Structure formats: C-alpha cells, structure tokens
Amino acid sequence: MSSTITALFDSRADAEAAKDRLKSARVDADHIHIHDKSSAGYKEIGYSTHEDRGFWDSIKNAFVPDEDRHTYEEGVRRGGALLTADVDDDCIDEAVRVLEEANSIDIDDRSSQWRSSGWDYPAAGAGATGAALGSFDRRETAGHKAEQEEVVPIVEEQLVVGKRDVSRGGVRVRSYVTETPVHEQIRLRNERVNVERRSVDQPLSAADTDAFRERTIDMTATGEEAVVGKTARVVEEVVVSKTAEEHVEEVDDTVRRTDVEVDRDTDVETRGSTFRDTDKRI
C-alpha cells in the first residue's frame, strides 16, 4: 500500500534536486510531481475551493487538511515549489529522510512567520473543501518516524438492573363428582279391604223397611309408597385468588472499566522540515 507525501521548497530548483535524490535513493516512489506557478490550476488570487480545486485536482490521492493545503498554495504563490510523491508505506521513513536532507520547508514554522507578518489562513472557505480533499491520517515531522494514529477505547460497564417474571409455584383446583350411599327410613300406610260374612239370627227391625232393595257398596283400599327426589344446594365455596406484594431487593455486583496509563519517554526536540502523508488509508 502506498501513501502520498508532500514537501514544500523555496524554489523549483530545490524541488527538482529533491526529486532527483528521491529517485536515486532506495525508495519505492511513483508519480513524483513538482507544482509551481506554471502548473495547471495555479491561482494568483484566492485559494482552492470545492468547485475549483486548483492544481490539487491533478493530485488524485492527496487528502490534505484545508489549512495545510492553503499554506502550500501560499508557498507556491510566494515563489516556492510543491513536491508530491506516492511512496510505499515501508519506504516512507527513508523518503522523509531524503527530503529532509534536500532543504525542504517546515510549513508549520513558515506559516507562523507568514501569520506574524499579516498573512491569514482563509478560514471562510475551509468548510466547503474539507469534504472534497479529505483529511490526514499520518504526519511526518523532522527527526521523527511517521506517527500512525491508534485509538485506545475507554470502555466502562454500567449496571442495568431490570426485572422479569419467574414462577413461584401455584395451585390447581379441580372439581369432580362422587356418589355416596344414603340410607333413610320412612313409615308407609297401606289400606286393605276385607269382606267377611257373619251369621245373624234376629228379627227384621222396623228400620230395615228397605231391606229388600238392591244396593252396591264400593270401597277402595289405598296405600303409600316411597317417593325419592333430590334437590341441589350450595353448601360450600372454594375461592382461588392471588395477591401481590412488593419488596426492595439490594443488588450488588461489579462493573468493569478500562483505564489507560501513559508512560512518556523523554521528549527530544528536533528542527527541520515537516512532511505530510496525505494518503487516505482505507
């Protein structure tokens, strides 16, 4: 994988010399170009915008922050030359060393000098071009190796206490029918018709004047029998219900959090040129 590095020089001659040194060095570099006032897209007035990217339009893989891009443009406008090259990632350190030895400009120092003399970075146009030309992933500084940004996430657990329904047992009530023998006593009355003949020997009385008339006597015998009937009555109720109660339960647990301990080595100040690795990493 390759990255595009940029370096600013005070003159095109210095940039051409740096280009020759880069080619002769053991560096896997391609598309080495020098941009100055004669380059296509150069602007004498104003800076690159989203619609008009100036000579940056020819640097397809350049992803430069707005402030640095306009600083390079100001350097070219003041007579300097910008060198860009696609360098294999394994060769970036060597390429940086070669360009440092070729008298490249530290754009941070140079932009500070320009600001102190009245130059101001055109911040008003920065927002429109940032999305078009991207941003840095890495920076090359004099005397230092390429710094690659790595993110250490600080993770912190939070205790989330919820609740769920669980079974605490229950009751099942089932009704069914049983038969129980019942013994009862009842007194019943039965009638019976008896017919008997009795021998009588006595004179007919005066009251028996109609003794010779015909008659019929009917007599019915009745009896009682047991009649069994059933009636249903509610004698008891079984009520099934449930009640709810609430209580506060203490929950004790532990949560984890990552902490970062930074051990700093002794800082070493170096002076020299600043290079920008402008290849956007995917």
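This is a predicted model, so every value here is computed, not measured.

(A) Seen up close, the overall build of the protein chain. Tallying secondary structure elements over the protein chain gives five helices and six strands in all. For the protein chain, the succession of helices and strands along the chain, N to C, is β-α-β-α-β-α-α-α-β-β-β. Taking all 282 residues of the protein chain together, 27% fall into the buried category. The long-range fraction of contacts in the protein chain, counting pairs at least 24 apart against all pairs at least 6 apart in sequence, stands at 85%. Surface summary for the protein chain: the accessible area is close to 22,900 Å², and the carbon and sulfur share equals 46%.

(B) Quick look at the packing of helix H2 (residues 66-77) against helix H4 (residues 107-116). Contact geometry of H2 with H4 gives a least axis separation of 11 Å together with a crossing angle of 75°. Considered as vectors, H2 and H4 are oriented roughly perpendicular to each other. Note on element contacts: H4 touches H2 through Ile107, Ser111, Trp114 and Arg115, opposite Glu67, Asp68, Thr71, Tyr72, Glu74 and Gly75. The residue makeup of the contact of H2 with H4, split by class, is three nonpolar, three polar and four charged.

(C) Focus on the side chain of Ser39. If you trace the backbone, Ser39 turns up in the loop between strand E2 (29-35) and H2. Looking at Ser39, the relative accessible area reads 16%, which means it is buried. Contacts of Ser39, omitting those with residues within four sequence positions, involve Ile34 and Phe55.

(D) Focus on the pattern of salt bridges. Under the counting rule described, the total for this entry stands at 13 salt bridges. With a shortest N-O distance of 3.1 Å, Arg21 and Glu101 are connected by a salt bridge. Residue Arg21 is found in helix H1 (residues 12-24), and its partner Glu101 is found in the loop between helix H3 (92-100) and H4; the two are separated by 80 residues along the sequence. On the basis of relative accessibility, which here comes to 36%, the residue Arg21 falls in the partly exposed class. Taken together, the shared-partner salt bridges connect Arg21, Glu94, Arg97 and Glu101 into one network.

(E) A look at the environment of Asp252. If you trace the backbone, Asp252 turns up in the loop between strand E5 (147-148) and strand E6 (274-277). Once the C-alpha coordinates of Asp252 and Leu159 are considered, the two residues, 93 residues apart in sequence, prove to be 9.6 Å apart.

About the cut-offs
Residues numbered from 1 in each chain as written. Predicted model: local features only at pLDDT ≥ 70, side-chain atom pairs only at ≥ 80, totals over all residues. Heavy atoms only, no water. Helix = DSSP H or I, 4+ residues; strand = E, 2+ residues; numbered from the N terminus. Buried < 20%, exposed > 50% of the residue type's maximum accessible area, 1.4 Å probe, protein only. Contact = heavy atoms within 4.5 Å. Areas by Shrake-Rupley, 256 points an atom, 1.4 Å probe, with all protein chains shown as cover. Axes fitted to C-alpha atoms, helices over the stretch in contact; angles between N-to-C directions. Parallel < 35°, antiparallel > 145°, perpendicular 65-115°, else oblique. Nonpolar A, V, L, I, M, F, W, Y, C, P; charged D, E, K, R; others polar. Salt bridge = Lys/Arg side-chain N within 4 Å of Asp/Glu carboxyl O.

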